Amino acid sequence: MKKMMKKLLSGCMALSMAMGLLLASPVSAAEPETAFDDVEPTAYYAEAVAWAVENGITSGTSDTTFSPNRVCTTAEILTFLYRAAGSPEVIGEQPFSDVNGDAYYYDAAAWAHEKGIVAGDVFNGSAPCTRSATVTYMWLFKGKPVPEEETTFNDVASNAGYA
């Protein structure tokens, strides 16, 4: 369980850093400052957090906390991605039976469905979002680009949907 939690945390941090690559925004070389008591300026993810807040991708888990060691949910990861895409207007209807109209991720869920990032009629937004799901969402968002080089991860089956 502890190993799985570490992998999930890594996925959240990887997404935060990858969002910078998705939007190709420059990041300053100065030590970042955030309003979060739990993000040290020297933390490896501090610049990514500062960038994500500055660009409206996240606002943290409270006014003073980011919760860097908490596992992200599917709703959070897809909301990050939706906001990184500029929070575009959703044209289709909300297809998910478990997403209430007042859910903070209502538009993100509908957008992810509209873009083919998620499917079905159950969203399951509170489920922990694995690293494999996170990179799959990013890959689908970018239009399923073909990797230029073959990877040699020994813990990923070649027929895995995210491989």
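Quantities reported herein were computed from a predicted structural model and do not represent experimental measurements.

About the thresholds
- Sequence positions are assigned chain by chain, starting from 1 and proceeding in written order.
- Confidence filtering applies because this is a predicted model: local features only for residues at pLDDT of at least 70, side-chain atom pairs given and counted only at 80 or more, and all residues used for totals across whole chains, interfaces and linings.
- For the side-chain quantities, the full set of heavy atoms in the structure was used; hydrogens and water were omitted.
- Note on aromatic contacts: the rings of Phe and Tyr and the six-membered ring of Trp form a pair at centre separations within 6.5 Å, being stacked when their planes are under 30 degrees apart, edge-to-face when over 60 apart, and tilted otherwise.
- Segments assigned H or I by DSSP are reported as helices when at least four residues long, segments assigned E as strands when at least two residues long, and all are numbered from the N terminus.
- Here's how the labels work: a residue is buried when its accessible area is under 20% of the maximum for its type, exposed when over 50%, partly exposed in between, all with a 1.4 Å probe on protein chains only.
- The contact criterion used is simple: two residues touch if any of their non-hydrogen atoms lie within 4.5 Å.

Points about the packing of aromatic side chains
- Tallied over the entire structure, the rule returns seven aromatic pairs.
- A centroid spacing of 5.1 Å and a plane angle of 50° characterise the contact between Phe 96 and Phe 123, whose relative ring orientation is tilted. With Phe 96 in the loop between α3 (74-84) and α4 (106-114) and Phe 123 in the loop between α4 and α5 (131-141), this pair connects stretches of sequence that are 27 residues apart. In terms of burial, Phe 96 and Phe 123 fall into one category: buried.
- Aromatic side chains Tyr 104 and Tyr 105 sit 5.0 Å apart centroid to centroid with 85° between the ring planes, which places their arrangement in the edge-to-face category.
- What makes Tyr 105 buried here is its relative accessible area of 15%.
- Members of the aromatic cluster, connected to one another through ring pairs, are Phe 96, Tyr 104, Tyr 105 and Phe 123.

Concerning unusual backbone geometry
- A positive phi angle is found at Asn 124, which is not glycine, with a value near 60°.
- Looking at where Asn 124 falls in the secondary structure, it is placed in the loop between α4 and α5.
- For Lys 144, which is not glycine, the phi dihedral falls at a positive 60°.

Examining the environment of Pro 88
- In this fold, Pro 88 is placed in the loop between α3 and α4.
- Of the residues examined, Pro 88 reaches a relative accessible area of 26% and is grouped as partly exposed.
- Separated by 19 residues in the primary sequence, Pro 88 and Asp 107 place their C-alpha atoms 8.9 Å from one another.
- If near-sequence neighbours (up to four positions away) are discounted, Pro 88 is found in contact with Tyr 82 and Trp 111.

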